[in-house]
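Report on the structure
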Amino acid sequence: ANPGRFPHMKDLYDARASLHALNGCCLANHSLSQRLSRFLLRARFSFGVGNDIELTQEEIARLLATRRETITDLLNRLARDQIVELQRGVIAIRNRTALRSLSCDCFTEEMRLEQDVAKSLAAAFRGFDYGEYSKRKNEQRRPRLVQIAV
């Protein structure tokens, strides 16, 4: 173990814990409409290609802990306002600025925390030699022959 990595790993842990806390606070304090907007902005990075999000309305409803019909109603409103375009299994974001204005401020904070996570990971593993690590792990896995005295 490299003790120099520990402060960075603590920073990583703190940022991840803050993300979990943020999600809980968002769920408790913001409307489903705001949370859906935040989710769509975030989903571009996780489930999307460009501005297209490849998720069904049923999957989104499960991820946001609500009914599919409610998600369908909210997405239809966004489509009517030309913020998103709906296709089977794909939601295309057409007006990111408008979607951002409908979202809660948790999205901005989430992006900041995600940057903290990335910086902490980069710092923790800067100079990490995976080849050497892998070699040591393989040596540890080799069975050791034990001689039994008869």
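We now turn to the structure provided with this report. (Residues numbered from 1 in each chain as written. Predicted model: local features only at pLDDT ≥ 70, side-chain atom pairs only at ≥ 80, totals over all residues. Heavy atoms only, no water.)

What follows covers the overall build of the protein. Along the backbone of the protein there are seven helices and four strands. Shown N-terminal to C-terminal, the secondary structure of the protein runs as helices and strands in the order α-α-β-β-α-α-β-β-α-α-α. Put simply, 63% of the contacts in the protein that link residues at least 6 apart link residues at least 24 apart. A total accessible area of about 10300 Å² is found for the protein, and carbon and sulfur atoms account for 51% of it. (Helix = DSSP H or I, 4+ residues; strand = E, 2+ residues; numbered from the N terminus. Contact = heavy atoms within 4.5 Å. Areas by Shrake-Rupley, 256 points an atom, 1.4 Å probe, with all protein chains shown as cover.)

Here the focus is the layout of surface pockets. Empty space within the largest pocket amounts to approximately 330 Å³. Asn-23, Arg-38, Phe-39, Leu-64 and Glu-110 are the residues nearest the centre of the largest pocket, which is lined by 15 residues in total. Secondary-structure elements contributing two or more residues to the lining of the largest pocket are helix H1 (6–29), helix H2 (32–46) and helix H6 (106–124). Of all the elements, H2 adds the most residues to the lining of the largest pocket, at six residues. A breakdown of the residues in the lining of the largest pocket according to their chemical character gives eight nonpolar, two polar and five charged. (1 Å grid on protein atoms, 1.4 Å probe; cavity = no way out; pocket = protein on both sides within 12 Å on 5 of 7 lines; lining within 4 Å. Points joined across faces, edges and corners; volume = space filled by probe spheres on them. Nonpolar A, V, L, I, M, F, W, Y, C, P; charged D, E, K, R; others polar.)

Another point: the packing of H2 against H6. Contact geometry of H2 with H6 gives a least axis separation of 9 Å together with a crossing angle of 30°. For the element pair H2 / H6, the angle class is roughly parallel. Taken as a pair, H2 and H6 cross one another with a handedness that is right-handed. In this structure, H2 contributes Arg-38, Leu-41, Arg-42 and Phe-45 to the contact, and H6 contributes Cys-106, Phe-107, Glu-110, Met-111 and Glu-114. (Axes fitted to C-alpha atoms, helices over the stretch in contact; angles between N-to-C directions. Parallel < 35°, antiparallel > 145°, perpendicular 65-115°, else oblique. Left-handed = near helix turned anticlockwise from the far one by under 90°.)

It is worth spelling out the side chain of Glu-110 at this point. Assignment of secondary structure puts Glu-110 in helix H6. What makes Glu-110 buried here is its relative accessible area of 7%. Contact partners of Glu-110, with chain neighbours within four places excluded, come to Leu-19, Leu-22, Arg-38 and Arg-42. (Buried < 20%, exposed > 50% of the residue type's maximum accessible area, 1.4 Å probe, protein only.)

A cluster of nonpolar side chains, Met-9, Leu-121, Phe-125 and Phe-128, forms an exposed patch at the surface whose accessible area comes to about 320 Å². Relative to the assigned elements, Met-9 resides in helix H1. Judged by its relative accessible area of 33%, Met-9 is partly exposed. (Patch = residues over 30% accessible without salt bridge, like charges linked within 9 Å, V, L, I, M, F, W, Y side chains within 5 Å. Salt bridge = Lys/Arg side-chain N within 4 Å of Asp/Glu carboxyl O.)

Side chains Val-90 and Ala-92 of strand S4 (residues 90–93) all project onto a buried face; the interleaved residues Ile-91 and Ile-93 project onto the opposite face, where all are buried too. Bridging between strand S2 (residues 52–53) and S4 involves two bridges; their strand directions are antiparallel. Each bridged residue has a counterpart across the sheet, and for Ile-53 the counterpart in S4 is Ile-91. Pairing geometry for strand S3 (residues 84–87) and S4, over four bridges, is antiparallel. From the neighbouring strand, Val-84 faces S4, where its bridge partner is Ile-93. (Pairing = 2+ DSSP bridges.)

A few words now on H6. With 19 residues, H6 ought to run about 27 Å at 1.5 Å a step, and its terminal C-alpha atoms sit 26 Å apart, in line with that. Listed in full, the buried residues belonging to H6 are Cys-106, Phe-107, Glu-110, Leu-113, Val-117, Ser-120, Ala-123 and Ala-124. (Expected span 1.5 Å × (residues − 1).)

As enumerated under the stated definition, the model contains 11 salt bridges in all. Between Asp-14 and Lys-10 there is a salt bridge; the shortest N-O distance is 2.7 Å. Of the two residues, Asp-14 and Lys-10 both sit in helix H1, four residues apart, roughly one turn of that helix. Here Asp-14 falls in the partly exposed class, since its relative accessible area comes to 30%. A salt bridge links Glu-69 to Arg-68; the shortest N-O distance between them is 3.5 Å. For Arg-68, a relative accessible area of 34% gives the class partly exposed. Through salt bridges with shared partners, a single network forms among Arg-16, Arg-38, Arg-42, Glu-110 and Glu-114.

By themselves, these figures tell us nothing about what the structure is for.
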